[in-house]
Amino acid sequence: MRAGEALRRLFDSKLQIEVEKIEFEPHVADGRRADILVSINAFGHRHTLVCEVKHNGQPRHVRNAVLQLRDSVGRMNFSAVPVLIAPFLSEKSRAICVDYNVNYLDLYGNALFQAPGILIDVSVADRPVAEKRNLKSLFRPKAAHILRIMLRNPKRAWRVTELANAANASFGHVSNVRKALLNREWAKDISDGVTLTDPDGLLDAWRSAYRRPDGNLIRIYTSLYGQALEEAVKDILSSHSFQNLATFASFSAARWIAPYGRTGIDYFYANKEGAEKIANALKASNVNRGNNVEILILKDQNILEDTVEPVPGVICTSPVQTYLDLSIAGERGAESADYLRRKMLVWH
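Keep in mind that this is a model prediction, so the values were computed, not measured.

Basis of the calculations
- All residue numbers refer to position in the chain's written sequence, counted from 1.
- In keeping with the predicted nature of the model, local features appear solely for residues at pLDDT of at least 70, side-chain atom pairs appear and are counted solely at 80 or more, and the whole-chain, interface and lining totals rest on all residues.
- Side-chain numbers here rest on the full set of heavy atoms in the structure, without hydrogens or water.
- At least two bridges found by DSSP between two strands is the condition for calling them paired.
- Helix and strand labels come from DSSP, where a helix needs a run of H or I of at least four residues and a strand needs a run of E of at least two; each type is numbered from the N terminus.
- Helix axes are fitted only over the stretch in contact, all axes being lines through C-alpha atoms; the angle between N-to-C directions runs from 0 to 180 degrees.
- Any helix carries an expected span of 1.5 Å times its number of residues minus one.
- In this scheme, a residue with accessible area under 20% of its type's maximum is buried, one over 50% is exposed, and one in between is partly exposed, where area comes from a 1.4 Å probe on protein chains only.
- This arc is built from the directions going out from the helix axis to the C-beta atoms.
- Note on contacts: a residue pair qualifies if any of its non-hydrogen atoms lie within 4.5 Å across the two residues.

> Would you mind showing me how to read the sheet that holds strand 1 (residues 17–24) here?
The pairing of strands in a sheet comes from backbone hydrogen bonds and takes either a parallel or an antiparallel form. Pairing within the open sheet is mixed, and its seven strands lie in the order 1-4-5-6-7-8-9. Each edge of the open sheet is held by one strand with a lone partner, namely strand 1 and strand 9 (118–122). Pairwise comparison of adjacent strand axes, ignoring direction, gives a mean angle of 25 degrees for this sheet. As judged from the seven bridges shared by strand 4 (residues 36–42) and strand 5 (residues 45–53), these two strands associate in the antiparallel manner. If you follow I36 over to strand 5, its bridge partner there is C51.

Here's what the structure looks like:
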């Protein structure tokens with residue numbers, strides 16, 4: 001069993017800690033079985049480890065497991081050290097173990113083991129490929145659209161049917177997003193549906209996985225600047241027939257939502273029709289260098305539905321989308337993102 005091998009590797013690498021015996025599924029008390037029972041000799045002192053092995057290390061499953069493990073150890077008629085083992089334990093899952101005084105080990109190399117006279121604390125900075133893949137799938141366009149809707153009002157409870165209708169998504173897709181949020185304890189089920197409980201944790205993970213949206217980037221130059229440029233753009237963005245065709249993005253959106261610093265370029269997200277109308281309104285010409293306008297013609301046009309209007313006629317990407325875009329826009333972008341988050345994305 002891989003869990004048993006991982007335990008041996010953990011202790012064999014430490015001087016004066018000897019693994020004397022490993023038993024799989026032994027009876028321990030009241031008809032109960034442990035997944036693994038380990039006897040070790042550390043510096044002349046013997047310890048018995050009662051190990052619970054879980055195939056899923058997501059926070060929701062970890063919390064249930066450590067409660068059961070702690071209860072089982074408390075019912076035993078001998079002194080035992082509880083240990084949770086899983087394929088991978090995220091930082092949040094590890095923190096749950098610490099909160100409940102349960103040692104942990106994952107097959108990726110993260111470990112915390114404390115007993116009288118012993119402290120083993122190992123953290124691996126990276127995530128396994130499968131975990132990265134799972135996180136990435138949660139932030140792909142269809143799922144991201146669902147998350148943006150939920151983050152508009154994190155306290156709102158959503159039934160699957162309501163959220164599917166709001167996002168124009170299938171019930172199955174919404175259910176998968178819901179399950180992922182629950183497993184990571186970013187959301188919880190209440191009587192009225194699912195509601196976000198840790199929007200900050202969700203946004204942190206999204207920021208870490210975020211990449212610029214797919215699309216065709218157009219760089220253009222306009223002789224308009226300052227108020228003249230803003231008025232030209234406001235006229236076209238505020239047009240009723242222009243709805244969901246284009247929006248200020250990145251630094252340009254932040255200038256209206258949470259002003260921090262200016263750049264020499266104006267940024268837009270648009271569909272093909274919106275990009276053409278913006279270019280015409282600005283009397284712009286295509287250039288390879290020296291541009292002062294960037295328009296990204298989006299592949300995922302759901303982003304154009306997630307907008308705000310901080311002042312009449314000024315359509316901007318939402319604070320969440322603007323924050324994500326700034327977070328990958330270099331040092332000045334990171335500073336602007338932090339400022340925007342402090343101003344606009346405080347949910348406590």
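Let us keep going from here.
> I tried to follow helix 2 (residues 59–74) on my own but got confused; where do I start?
Residues separated by three or four positions in an α-helix point in the same direction, a consequence of the helix having 3.6 residues per turn. Here helix 2 is 16 residues long and its end C-alpha atoms lie 22 Å apart, about the 22 Å a rise of 1.5 Å per residue gives. Residues of helix 2 that are buried include every one of P59, V62, A65, V66, L69, S72 and V73, and no others. Along the axis of helix 2, the buried positions cluster into a sector of 145 degrees, meaning they face one direction only. In the core, the buried residues of helix 2 are packed alongside strand 3 (32–33), strand 5, strand 6 (81–86), helix 3 (91–99) and helix 7 (171–183).

> In this structure, what is going on with unusual backbone geometry? I would like to understand it.
Most peptide bonds adopt trans geometry, and most residues besides glycine take a negative phi value. The phi dihedral of S250 falls on the positive side, at around 50 degrees, and the residue is not glycine. Relative to the helices and strands, S250 resides in helix 10 (residues 250–257). What makes S250 buried here is its relative accessible area of 10%. One non-glycine residue with positive phi stands out, namely K283, at about 50 degrees. If you trace the backbone, K283 turns up in the loop between helix 11 (272–281) and strand 15 (285–286).

By themselves, these figures tell us nothing about what the structure is for.
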